[in-house]
Amino acid sequence: VPTFSAHDLHRFVQGVVVSAGSTAREASLVAVQLVGANLAGHDSHGVGMLPLYVENVLTGRLVVNHQPTVVRDSGAVVVFDGGRGFGAAVGQVAVDTAIERVAEHGLAMIGLRNSFHLGRIGHWGEQIAAAGHVAIHFVNVAGHPAIVAPYGGAEGRFVTNPICVAIPGSGAEPMAMLDMATSVIALGKARVAFEEGRPVAEGVLLDADGRVTTDPSGMFSHPRQGALVAMGDHKGSGLAMMCELLGAALIGGPTIQPGNERDDSIINNMLTIAIDPAAVGDAESFRREAQAFLDYAVTARLREGFDEILLPGQPEQRSRVARSAGIPVDDNTIALLAAAAESVGVPDLGAALMS
Ligand code: NAD
């Protein structure tokens, strides 16, 4: 698999997004977001998303250079409408506002409705944690076919609704950060298995009749047949529902119920809660106690088949170290990226990637 430097991928994404109509600043935010996901080891949210973004710009479902509008502002509570702008850009406004308001009030609750795809949610949690605050995000996915079945259901009723909680550390990296989809696996992972002709693991996918299957092909047939399964049975299914209720309905954004528009795009609604530990008690004793707990948790006697216990967020930190030497991008993705570059009139950028 060919590897690329973060710098080269950034330059490629930046060039394509500018050619699609974004300002240099917006394009740079998109590049940082996508390449950052690759660095964190989440290729499903990395540069491979760019062709879909470009396609949605060209069809008018993603609006370039959109400034989010303020729907409500009462100090600690702000609600924005993202107007289908680039998630990397409108999300940045929401998160910058969270950081500004939590510093002022000790607590901030920021709603962002109708953003185009917000990408890896940890990208947002990491920024709030780096500013010294706790971050909690509930996110739903709307505008998209429902592909995840609720517990007991034989068909999809929501999407992969992510949740993220970030705990500040002493430096720029969070002390711990849980950032996860509420489905057992992401659709992107099922797609990779499908393209490689491999079965998926048992218990993550249902067929058209709602039976457990390991064959991912139905998910990619037209019309789609089958559904992903929510993680943790009734518990993950319940969390996914809370993402609809808190991440969307509470802030006036669309849940995935069919009364709302579905145009096969990816709209995210996100509730962000930021907490300043110093507003709750003593920030230093919070840090010490949190660290003492985490140290204790990872020193449990190991289960058979395991050689270590990792904290949430550690796989991403390790990936960043490993991938600082180069980010692998498979040939299929490179071809799709080149086609995306060509579709906005910069085939030379794609050619450079392929050489
Ligand atoms: P994942 O399963 O790889 O990781 C989930 C969490 O578990 C992470 O916090 C990770 O650090 C931790 N983790 C992973 N392996 C671990 C181990 N062995 N021990 C301890 N902790 C471990 O992630 P996912 O659920 O596939 O989600 C991938 C990304 O997709 C996330 O960044 C999420 O925000 C993003 N996402 C975005 C959307 C959207 O609509 N924007 C939708 C779904 C998911």
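Residues numbered from 1 in each chain as written. Predicted model: local features only at pLDDT ≥ 70, side-chain atom pairs only at ≥ 80, totals over all residues. Heavy atoms only, no water.

A. A look at the overall build of the protein. Scanning the protein from N- to C-terminus turns up 12 helices and 12 strands. Relative to the compact-globule value of 20 Å for 355 residues, the protein shows a C-alpha radius of gyration of 20 Å, a close match. Principal axes of the C-alpha set define a box for the protein whose edges measure 55 × 50 × 45 Å. Counting over 355 residues, the protein shows a buried share of 48%. (Helix = DSSP H or I, 4+ residues; strand = E, 2+ residues; numbered from the N terminus. Rg over C-alpha atoms; globule rule 2.2 N^0.38 Å. Buried < 20%, exposed > 50% of the residue type's maximum accessible area, 1.4 Å probe, protein only.)

B. Structural detail: the side chain of threonine 182. Mapped onto the elements of the fold, threonine 182 is located in the loop between strand 8 (176-180) and helix 6 (187-195). There is a polar contact of 2.8 Å between the side chain of threonine 182 and the backbone oxygen of asparagine 161. Leave out the neighbours within four places in its chain, and threonine 182 touches Thr160, Asn161, Ile163, Ala230, Met231, Gly236, Leu239 and Ala240. (Polar contact = N/O pair within 3.5 Å; in protein donor to acceptor, adjacent residues only side chain to side chain. Contact = heavy atoms within 4.5 Å.)

C. Broad picture of the environment of glutamate 284. Its location among the elements puts glutamate 284 in helix 9 (residues 283-297). Accessibility expressed as a relative area gives 37% for glutamate 284, which makes it partly exposed.

D. Structural detail: the sheet that holds strand 3 (residues 77-81). Read from one edge of the open sheet, 7 strands run 2-3-4-11-5-7-8, paired in mixed fashion. The open sheet has two free edges, formed respectively by strand 2 (69-73) and strand 8, since each of these has just one partner strand. Mean inter-strand twist for the sheet, computed between neighbouring axes without regard to direction, equals 15°. Alignment of strand 2 against strand 3, held across 4 bridges, turns out to be antiparallel. (Pairing = 2+ DSSP bridges. Axes fitted to C-alpha atoms, helices over the stretch in contact; angles between N-to-C directions.)

E. Quick look at the sheet that holds strand 6 (residues 148-149). The sheet built from 3 strands is open, its strands ordered 6-10-9 with mixed pairing. Edge positions in the open sheet fall to strand 6 and strand 9 (205-206), since each of these has one partner strand only. Judged from the 2 bridges that link them, strand 6 and strand 10 (residues 227-229) form a sheet pairing that is parallel. If you follow valine 148 over to strand 10, its bridge partner there is leucine 228.

F. Looking closely at the site of the ligand. Around the ligand lies a shell of 22 residues, among which Arg120, Asp179, Ala181, Gly313 and Glu316 are the nearest. One of the side-chain nitrogen or oxygen atoms of histidine 45 is found 3.2 Å away from a nitrogen atom of the ligand. Isolated, the ligand exposes 850 Å² of accessible area, and the fraction of that covered by the protein chains is 78%. Looking at the shell around the ligand element by element, the count peaks at 4 residues for strand 8. Looking at the shell around the ligand residue by residue, the class counts come to 11 nonpolar, 7 polar and 4 charged. (Near = heavy atom within 4 Å. Areas by Shrake-Rupley, 256 points an atom, 1.4 Å probe, with all protein chains shown as cover. Nonpolar A, V, L, I, M, F, W, Y, C, P; charged D, E, K, R; others polar.)

G. Local environment of helix 11 (residues 331-343). Over its 13 residues, helix 11 runs 18 Å from end to end, which matches the ideal 18 Å to within 8%, given 1.5 Å per residue. Along helix 11, the residues that are buried comprise Thr333, Ile334, Leu337, Ala338, Ala340 and Ala341. Angular distribution of buried residues about the axis of helix 11 spans 160°; they occupy a single face of the element. Those residues of helix 11 that are exposed and aimed more than 90 degrees away from the buried face are Asp331 and Glu342. The inward-facing, buried residues of helix 11 contact strand 1 (3-4), helix 1 (6-19), helix 3 (50-58) and helix 12 (347-354). N-capping of helix 11 is provided by aspartate 330, with a side-chain oxygen placed 3.2 Å from the backbone N of asparagine 332. (Expected span 1.5 Å × (residues − 1). Arc of directions from axis to C-beta.)

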